[in-house]
Amino acid sequence: MSPRIPSPGMRAPQRRRGHERVAALLSAASSCFVEKGYDAATMTEIAARAGASIGSLYQFFPTKEALAEALIADHAEALYGHMERLVVQTPGWSSDELAARLIRTFADYRRRHPSFVVLVEAGGSLPSMLGRTIRHRIRDYLSQILAIHAPALAAGDLRPAAMVVQQLMKAAVALHNEQPASLRQAAQTQLRSALALYLKDLAEQRQPTA
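Computed from a predicted model, the values in this text were never measured in an experiment. (Residues numbered from 1 in each chain as written. Predicted model: local features only at pLDDT ≥ 70, side-chain atom pairs only at ≥ 80, totals over all residues. Heavy atoms only, no water.)

Asker: Can you lay out helix H2 (residues 43-50) for me, pointing to particular residues and giving the numbers?
Answerer: Along H2, the positions that sit buried rather than exposed are Met43, Ile46 and Ala47. Relative to the axis of H2, the buried residues are bounded by an arc of 95° and lie together on one face. Away from its buried face by more than 90 degrees, H2 exposes Thr44 and Ala48. Of the residues flanking the end of H2, it is Gly51, one or two places downstream, whose phi is positive at about 70°. (Buried < 20%, exposed > 50% of the residue type's maximum accessible area, 1.4 Å probe, protein only. Helix = DSSP H or I, 4+ residues; strand = E, 2+ residues; numbered from the N terminus. Arc of directions from axis to C-beta.)

Below, the structure is given as structure tokens:
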């Protein structure tokens, strides 16, 4: 985990040891948030899990909210990296392949970063600004992907289409906990097919003739 401390009022680590300490604190916070949820997790148990004093934790993160925001921002950077690679790789992909890649990206990411889901879905417990920023940034990447995959799509239609794709990706991820597994897998396959058909429809649009 590459620690980022973007919020004002937090002390930025100056040396390698400080960066390692912050990384340990963020890792401990991630585990606590997943196990207990944002509201129930306490700064005291986060410090204890990291093997740090509570004073050391507050030195870098003066509030639990600041700690959660730093963790969300750190996770978001990893997601942006995945999306940037998709933009580069999009040319040449069929609609079926692109649909599979998009859904796999979200599913794999959320599985590897469970605390991201917990924090983003914390609702009123955390400011919504970070969540909105992340959603809009992902839509930016999806708009770039759609501009490549469906070059005839009007510029004014890119953003709405990106929002539709984003919702379908989230819906596929939401099926992850559905049981039984056979039913879940069948539903995910159908949803992936629906996304592929939507992408194909966008890609087959033609430029209007004069």
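Asker: For the packing of helix H7 (residues 129-149) against helix H8 (residues 155-174), give the residues involved together with the corresponding values.
Answerer: Look at H7 against H8: their axes get within 8 Å of each other, and the N-to-C directions meet at 110°. As summarised for this structure, H7 and H8 are arranged roughly perpendicular, according to the angle between their axes. The two elements H7 and H8 cross, and the hand of that crossing is right-handed. From H7, Arg135, His136, Ile138, Arg139, Asp140, Leu142, Ser143, Leu146 and Ala147 reach across to H8, where they touch Leu158, Arg159, Ala161, Ala162, Met163, Val165, Gln166 and Met169. Tallied by class, the residues present in the contact of H7 with H8 amount to 10 nonpolar, 3 polar and 4 charged. (Axes fitted to C-alpha atoms, helices over the stretch in contact; angles between N-to-C directions. Parallel < 35°, antiparallel > 145°, perpendicular 65-115°, else oblique. Left-handed = near helix turned anticlockwise from the far one by under 90°. Contact = heavy atoms within 4.5 Å. Nonpolar A, V, L, I, M, F, W, Y, C, P; charged D, E, K, R; others polar.)

Asker: Run through the side chain of Ser143, naming residues and quoting values.
Answerer: As for its position among the elements, Ser143 is in helix H7. With relative accessibility at 12%, the residue Ser143 sits in the buried group. With residues up to four places along the chain from it excluded, the contact list for Ser143 reads Leu158, Arg159 and Ala162.

Asker: A description of the packing of aromatic side chains should follow, citing residues and the corresponding values.
Answerer: Tallied over the full model, the rule gives 3 aromatic pairs. Between Tyr80 and Tyr141 the ring centres are 6.1 Å apart and the planes differ by 45°, which places this aromatic pair in the tilted class. With Tyr80 in helix H4 (residues 64-89) and Tyr141 in helix H7, the pair connects residues that are 61 residues apart, well separated along the chain. In this structure Tyr80 comes out as buried when scored by relative accessible area, which is 5%. When its relative accessible area of 6% is taken as the criterion, Tyr141 is described as buried. For the ring pair Tyr109 and Phe116, a centre distance of 5.5 Å and an interplane angle of 80° mean the geometry is edge-to-face. Each member of the pair, Tyr109 as well as Phe116, is classed as buried. The ring of Tyr38 has Lys64 lying over it, and the distance from NZ or CZ to the ring centre is 4.6 Å. Positioned over the ring face of Tyr80 is Arg137, at 3.9 Å from the centre of the ring. (Phe/Tyr/Trp six-rings, centres within 6.5 Å; stacked < 30°, edge-to-face > 60°. Lys NZ or Arg CZ within 6 Å of the ring centre and 35° of its normal.)

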